[in-house]
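Tertiary structure, described
Letter by letter, the chains look like this.
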Amino acid sequence: MNEIKCPHCGEAFKIDEAGYAEILSQVRDDAFHEALHERLELAEQEKKTAVELATVKAAEGLKGDVAKKDTEIERLKAELDKASVAGELALKKALGAVEKERDDLERSLESKGTEQKLLEQSLKDKYETQIKDRDDTIERLKDMKAKMSTKMVGESLEQHCETEFNKIRAAAFPSADFEKDNDASSGTKGDFIFRESDDSGTEFVSIMFEMKNELDEGSNKKKNEDFFKKLDEDRTKKGCEYAVLVSLLEPENELYNAGIVDVSHRYQRMYVVRPQFFIPIITLIRNEAHKTLKLKSELALVKAQNIDVTKFEEELETFKTKFGKNFDLASRKFHTAIDEIDKSIKALEKTKENLLSSERNLRLANDKAQDVTVKKLTRGNPTMTEKFKELSD
């Protein structure tokens, strides 16, 4: 047990070890806090003193710096006053240049704006005029189409093709014929026939043309193949090698819009083209046909030679026939004369002798005529000899 005396009343009392330790702990804590409080107050006082001292020193130093700064400011103000006059002059000069440039730009901008407005108005007027002309053209074409018959539409395509050919006729086809087919004796006819021959007159290319067009508003739309059969018949009847359909039918058909269409799998040597390929198809066919011109010329020569041989034989046979008839007639007359001579033998003795001599001459002539052969007639003629030899072979 521990005895503790009260500091106020002086009374003593006893407490156990645990209570004593607790009281002792409290006393120590209070002492610690009190000591800590005193130390903090002391530190705060020292800090305040140091701050006051530093403030005084800083104030003194600042006063010196302020004095220096005031001196520097005064110096700078003096220099600025000196430079302000030159600066103002330079500033005014620079400002004047800038203001002049600004005024020039403003005037230029106003001029550009005026020019732009004039240009826009000019373009607007120009395009409005073009649009009006286009609308007038469309209306005129619509009116023309409304008035045109199907026949007139077809004839307009024919005229177009004829005009295109005539533009280059003199330069590209000087010796060719391109004329309308006006011969309807066989029942039908095409539109145009193109023919060309070489210098010797041998024809080496011929084309039958048919042009087909129709009104856009027409209800009875035709197809290109509807005209193939008639075109092939016209080609055959007029003795043409090729047939070409120049067509504006089926305007949405990609096959016919692609260019030159070969339909010879349907009809021999037949093509379908749009009007823009009218001249190219003539050129292609004509150039290909020109490559076979030499062969055709040789063939024509052989045919002509065969005709000459045949004609020679026919003339020879005609000569023999006529001569035989004349001999028979002469022989009959001869015998008649003999009978008459026999009746008057004395008076006509001399005549009888002459007639007998005539008979002998006629017989000799007949023998000679009968003895005429192709071999003897062609002797000295190598061409005829060779041809008769070929015929014999």
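Residues numbered from 1 in each chain as written. Predicted model: local features only at pLDDT ≥ 70, side-chain atom pairs only at ≥ 80, totals over all residues. Heavy atoms only, no water.

**Quick notes on the overall build of the protein**
In terms of regular secondary structure, the protein is built from nine helices and eight strands. Considering only contacts in the protein between residues 6 or more positions apart, those separated by 24 or more positions represent 55%. (Helix = DSSP H or I, 4+ residues; strand = E, 2+ residues; numbered from the N terminus. Contact = heavy atoms within 4.5 Å.)

**Brief notes about the confidence of the model for the protein**
Residues at a pLDDT of 70 or more form 67% of the protein, whose mean pLDDT is 76. A low-confidence stretch, residues 146-152 stays under pLDDT 50, and its non-local contacts, those more than four residues away or across chains, total three contacts. (pLDDT = per-residue confidence, 0-100.)

**Digging into the nonpolar core**
In terms of nonpolar packing, the biggest core is built from 24 residues, with Phe194, Phe209 and Phe278 touching the most fellow members. When contributions to this core are tallied by element, the ones reaching two or more residues are helix 2 (150-172), strand 3 (176-180), strand 4 (192-197), strand 5 (203-212), strand 6 (242-247) and helix 5 (278-291). It is helix 5 that contributes the most residues to this core, six residues altogether. When neighbours within four sequence positions are excluded, Phe209 is seen to be in contact with Phe178, Gly190, Asp191, Phe192, Phe194, Leu231, Val244, Val246, Phe278, Ile281 and Ile282. Formed by twelve residues, the second largest nonpolar core is a distinct cluster that contains Cys240, Ala243, Val261 and Met270. (Core = buried A, V, L, I, M, F, W, Y, C linked by side-chain atoms within 4.5 Å. Buried < 20%, exposed > 50% of the residue type's maximum accessible area, 1.4 Å probe, protein only.)

**Some points on the sheet that holds strand 5**
Here we have six strands laid out as an open sheet, ordered 3-4-5-6-8-7, and mixed in their pairing. Looking at which strands have only one partner, the edges of the open sheet turn out to be strand 3 and strand 7 (261-262). Of the strand pairs in this sheet, strand 4 and strand 5 are connected by six bridges, and their pairing is antiparallel. By the bridge assignment, Glu196 is partnered in strand 5 with Val205. On the sheet, helix 5 packs against strand 3, strand 4, strand 5, strand 6 and strand 8 (270-273) and is oriented at approximately 160° with respect to strand 5. (Pairing = 2+ DSSP bridges. Axes fitted to C-alpha atoms, helices over the stretch in contact; angles between N-to-C directions.)

**Quick notes on the environment of Glu179**
Relative to the elements of secondary structure, Glu179 occurs in strand 3. You can call Glu179 partly exposed: its relative accessible area is 47%. For the pair Glu179 and Phe194, spaced 15 residues apart in sequence, the C-alpha separation works out to 6.8 Å. The residues contacting Glu179, other than those within four sequence positions of it, are Arg169, Asp191, Phe192 and Ile193.

**Structural notes on the packing of aromatic side chains**
Following the criterion strictly, the structure yields nine aromatic pairs and no others. Judged by centre distance (6.4 Å) and plane angle (75°), the rings of Phe228 and Tyr267 are edge-to-face. On the criterion of sequence distance, the pair formed by Phe228 in helix 3 (residues 228-237) and Tyr267 in the loop between strand 7 and strand 8 is long-range, its members being 39 residues apart. Overall, the relative accessible area of 2% leaves Phe228 in the buried class. (Phe/Tyr/Trp six-rings, centres within 6.5 Å; stacked < 30°, edge-to-face > 60°.)

**Quick notes on the pattern of salt bridges**
The final tally for this structure, using the stated rule, is twelve salt bridges. For Lys238, the salt bridge identified is with Asp181, shortest N-O distance 2.7 Å. Of the two residues, Lys238 is situated in the loop between helix 3 and strand 6 and Asp181 in the loop between strand 3 and strand 4; the sequence distance between them amounts to 57 residues. Lys238 gets classed as buried once you look at its relative accessible area, which sits at 13%. In this structure, Lys212 engages Glu210 in a salt bridge whose closest nitrogen and oxygen atoms are separated by 3.5 Å. A relative accessible area of 5% places Glu210 in the buried class. (Salt bridge = Lys/Arg side-chain N within 4 Å of Asp/Glu carboxyl O.)

**Here's the deal with helix 5**
End to end, helix 5 covers 21 Å across 14 residues, agreeing with the expected 20 Å (1.5 Å per residue, within 8%). Every buried residue of helix 5 is listed here: Phe278, Ile279, Ile281, Ile282, Ile285, Arg286 and Ala289. An end-on view of helix 5 places all buried positions within 160° of arc, on one side of the element. (Expected span 1.5 Å × (residues − 1). Arc of directions from axis to C-beta.)

**Quick notes on helix 9 (residues 382-392)**
Where helix 9 is concerned, the buried positions are Met384, Lys387 and Phe388. Buried positions in helix 9, seen along its axis, are confined to an arc of 95° and lie on one side of it. Along helix 9, exposed side chains directed more than 90 degrees from the buried face belong to Pro382 and Lys389.

**A look at the side chain of Asp234**
Tracing the sequence through the fold places Asp234 in helix 3. On the basis of relative accessibility, which here comes to 1%, the residue Asp234 falls in the buried class. One polar contact links Asp234 to Lys230, side chain to side chain, over a distance of 2.8 Å. Setting aside anything within four residues of it in sequence, one finds Asp234 in contact with Thr188, Lys189, Gly190, Met208 and Glu210. (Polar contact = N/O pair within 3.5 Å; in protein donor to acceptor, adjacent residues only side chain to side chain.)

**Brief notes about the side chain of Arg274**
Tracing the backbone shows Arg274 in the loop between strand 8 and helix 5. The charged side chain of Arg274 is buried without a salt bridge, its nearest counter-charge being Glu250 at 6.9 Å. One polar contact links the side chain of Arg274 to the main-chain carbonyl oxygen of Ser247, over a distance of 3.0 Å. At a separation of 2.7 Å, a polar atom in the side chain of Arg274 contacts the main-chain carbonyl oxygen of Leu249. (Lys, Arg positive; Asp, Glu negative; His and termini not counted.)

**Overview of a nonpolar patch on the surface**
Among the surface-exposed residues, Leu119, Leu123, Tyr127 and Ile131 lie close enough to one another that they form a single nonpolar patch of about 360 Å² accessible area. Relative to the helices and strands, Leu123 is located in helix 1 (residues 17-147). The partly exposed category is assigned to Leu123, whose relative accessible area is 37%. (Patch = residues over 30% accessible without salt bridge, like charges linked within 9 Å, V, L, I, M, F, W, Y side chains within 5 Å. Areas by Shrake-Rupley, 256 points an atom, 1.4 Å probe, with all protein chains shown as cover.)

**What to know about the pairing of strand 4**
Direction of pairing for strand 3 relative to strand 4: antiparallel, over a ladder of five bridges. Bridged to Lys180 within strand 4 is Phe192.

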